[in-house]
Amino acid sequence: MDPLTPYCRELASPGIFQAVLSILIILGILLSYLPQHIRIISRRSSFGISPYFILLGVTSGTSAFANILVFPSTAQDVACCREISGFACFAGLLGVFQVAMQWLCFFSILLLFVIYFPRATSPTDPVSTVSSTSGGPTYRTALVITGVCLLHALVTIIISLAFKLHQPAAVQAWANFLGVLAAILASIQYFPQIYTTFRLRCVGSLSIPMMCIQTPGSLVWASSLAARKGWNGWSIWGVLVVTACLQGTLLVMAIYFEYFGSNDKREVGRLADGNEVSNGSAHAGESAQQESAHDERPTEETPLLQSQ
């Protein structure tokens, strides 16, 4: 007699195609975010990236990650790992790994955004930025957004644990709420970035290759999760469909400004990123002038008559 439950019996024989596709999606998520990470690090600036885009993206990713963690079917998948083989258990949890990878990669963008946020060189106001002179966000804004993201993650964890331990019957409703919240945040996530890119009329530190990979990749990922969770898991994969549509809009705008826009506008990002370099050059120029002035001071070997 087969000791496995019908649900676990289905997980015990994972389809090779579905498992390989899920693994490729995880690798694709990682590779899709690497161009953005590399672009910020190589430019040593996060100019052009909206802090509110980062805020909405991280909180949406946190809600989506918590959604799939507390989803009842995920608990069943984990429970079946005691009865099925290691590979089958791994294949059954690939959906969780996908959402976890996406959250981790976007959270890394948050860290890089704060680390490489353009800062002013004024010692009297260390949290002000160059952007503040043009009405843009300040470094203080970046720090506040980071704190809000961490607070949101902490509150989500506490509430999820409370439902799991004390109100297990309400876990499904909480999971659906998190899914809806993630969908709402993802739906408005790209609007601040679309506005910022349109206002600057340049890409800045935003990565076009990242969006080229993620826009079609999100649709493939949504299809994979829909096949795994079915229509009941609409709150999990629906957010990816919404994200793909909005990201595609931003991608078209970014490509236009980068390759077909005015050359003067494309120089905005370089000039903003070069502000600190310009400041450094100014300090270097002052030092050179001081050295030149020092060289022109009379010494014991200076002739009394300049013509001699």
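Thresholds applied
- Residues numbered from 1 in each chain as written.
- Predicted model: local features only at pLDDT ≥ 70, side-chain atom pairs only at ≥ 80, totals over all residues.
- Heavy atoms only, no water.
- UniProt positions renumbered as here; feature names shortened; annotations may be inferred.
- Helix = DSSP H or I, 4+ residues; strand = E, 2+ residues; numbered from the N terminus.
- Expected span 1.5 Å × (residues − 1).
- Buried < 20%, exposed > 50% of the residue type's maximum accessible area, 1.4 Å probe, protein only.
- Core = buried A, V, L, I, M, F, W, Y, C linked by side-chain atoms within 4.5 Å.
- Contact = heavy atoms within 4.5 Å.
- Disulfide = S-S within 2.5 Å.
- Axes fitted to C-alpha atoms, helices over the stretch in contact; angles between N-to-C directions.
- Parallel < 35°, antiparallel > 145°, perpendicular 65-115°, else oblique.
- Left-handed = near helix turned anticlockwise from the far one by under 90°.
- Nonpolar A, V, L, I, M, F, W, Y, C, P; charged D, E, K, R; others polar.
- Patch = residues over 30% accessible without salt bridge, like charges linked within 9 Å, V, L, I, M, F, W, Y side chains within 5 Å.
- Areas by Shrake-Rupley, 256 points an atom, 1.4 Å probe, with all protein chains shown as cover.
- Salt bridge = Lys/Arg side-chain N within 4 Å of Asp/Glu carboxyl O.
- Phe/Tyr/Trp six-rings, centres within 6.5 Å; stacked < 30°, edge-to-face > 60°.

Per an unreviewed UniProt entry, the chain is named PQ loop repeat protein, and its organism is Penicillium patulum. Turning to the chain, the UniProt record has this under Subcellular location (unreviewed entry): "Membrane".

## Examining helix 7 (residues 139–166)
When the terminal C-alpha atoms of helix 7 are compared, their 41 Å separation across 28 residues agrees well with the 40 Å that a helix rising 1.5 Å per residue should span. The complete set of buried residues in helix 7 reads Tyr139, Ala142, Ile145, Thr146, Cys149, Ala153, Thr156 and Ser160.

## Focus: the UniProt feature "transmembrane region" (unreviewed entry) in the chain
Sites flagged by UniProt as "transmembrane region" (unreviewed entry) map to residues 12–31, 52–72, 84–117, 138–163, 169–191, 203–222 and 234–257. Counting secondary structure, residues 84–117 comes out at 85% helix and 0% strand; the distance between its end C-alpha atoms is 48 Å.

## Things to note about the nonpolar core
In terms of nonpolar packing, the biggest core is built from 49 residues, with Tyr33, Ile54, Val58, Leu110, Phe113, Met211 and Trp221 touching the most fellow members. For this core, the elements supplying multiple residues, two or more each, are helix 2 (16–43), helix 3 (51–70), helix 6 (94–115), helix 7, helix 8 (171–200), helix 9 (208–229) and helix 10 (234–260). Not counting residues up to four positions away in its chain, the partners in contact with Phe113 are Ser46, Ile49, Pro51, Ile54 and Ala142.

## Quick notes on the state of the cysteines
The final tally for this structure, using the stated rule, is two disulfides. In this model, Cys81 is linked to Cys89 through a disulfide, with the two sulfur atoms separated by 1.9 Å. Across the S-S bond linking Cys81 and Cys89, the dihedral sits near 85°, which makes this disulfide right-handed. Given a relative accessible area of 22%, Cys81 falls into the partly exposed group. If the cysteines joined by disulfides in the chain are listed in sequence order, their pairing comes out as 1-2, 3-4.

## Section: the packing of helix 3 against helix 7
Contact pair helix 3 / helix 7: the axes reach a minimum separation of 10 Å and the direction vectors enclose 15°. In terms of axis orientation, helix 3 runs roughly parallel to helix 7. Regarding helix 3 and helix 7, the two cross each other, and that crossing is right-handed. Every residue of helix 7 that contacts helix 3 at Pro51, Tyr52, Leu55, Val58, Thr59, Thr62, Ser63, Ala66, Leu69 and Val70 is listed here: Thr141, Ile145, Val148, Cys149, His152, Ala153, Thr156, Ser160 and Lys164. Of the residues that constitute the contact of helix 3 with helix 7, the class distribution is eleven nonpolar, seven polar and one charged.

## Re the side chain of Thr197
Take Thr197: it is sitting in helix 8. If we ignore the near neighbours within four places in the chain, the residues touching Thr197 are Cys202, Leu206, Leu250, Met253 and Phe257.

## Examining a nonpolar patch on the surface
On the surface, a cluster of nonpolar side chains totalling about 720 Å² of accessible area is made up of Ile16, Val20, Ile23, Leu24, Leu27, Phe87, Phe90 and Phe97. Elements with a contribution of two residues or more to the nonpolar patch: helix 2 and helix 5 (86–92). Here the nonpolar patch takes five residues from helix 2, the largest share from any one element. Judged by relative accessible area, Phe90 falls into the partly exposed class, the value being 36%.

## Considering the packing of aromatic side chains
Per the stated rule, a full pass over the model turns up twelve aromatic pairs. Seen from their ring centres, Tyr33 and Phe106 are 6.2 Å apart, and the 80° between their planes marks the pair as edge-to-face. You can see Tyr33 sitting in helix 2 and its partner Phe106 sitting in helix 6, a full 73 residues away along the chain. Both residues of the pair, Tyr33 and Phe106, belong to the buried class. With centroids separated by 5.7 Å and ring planes inclined at 35°, the aromatic side chains of Phe90 and Phe97 adopt a geometry described as tilted.

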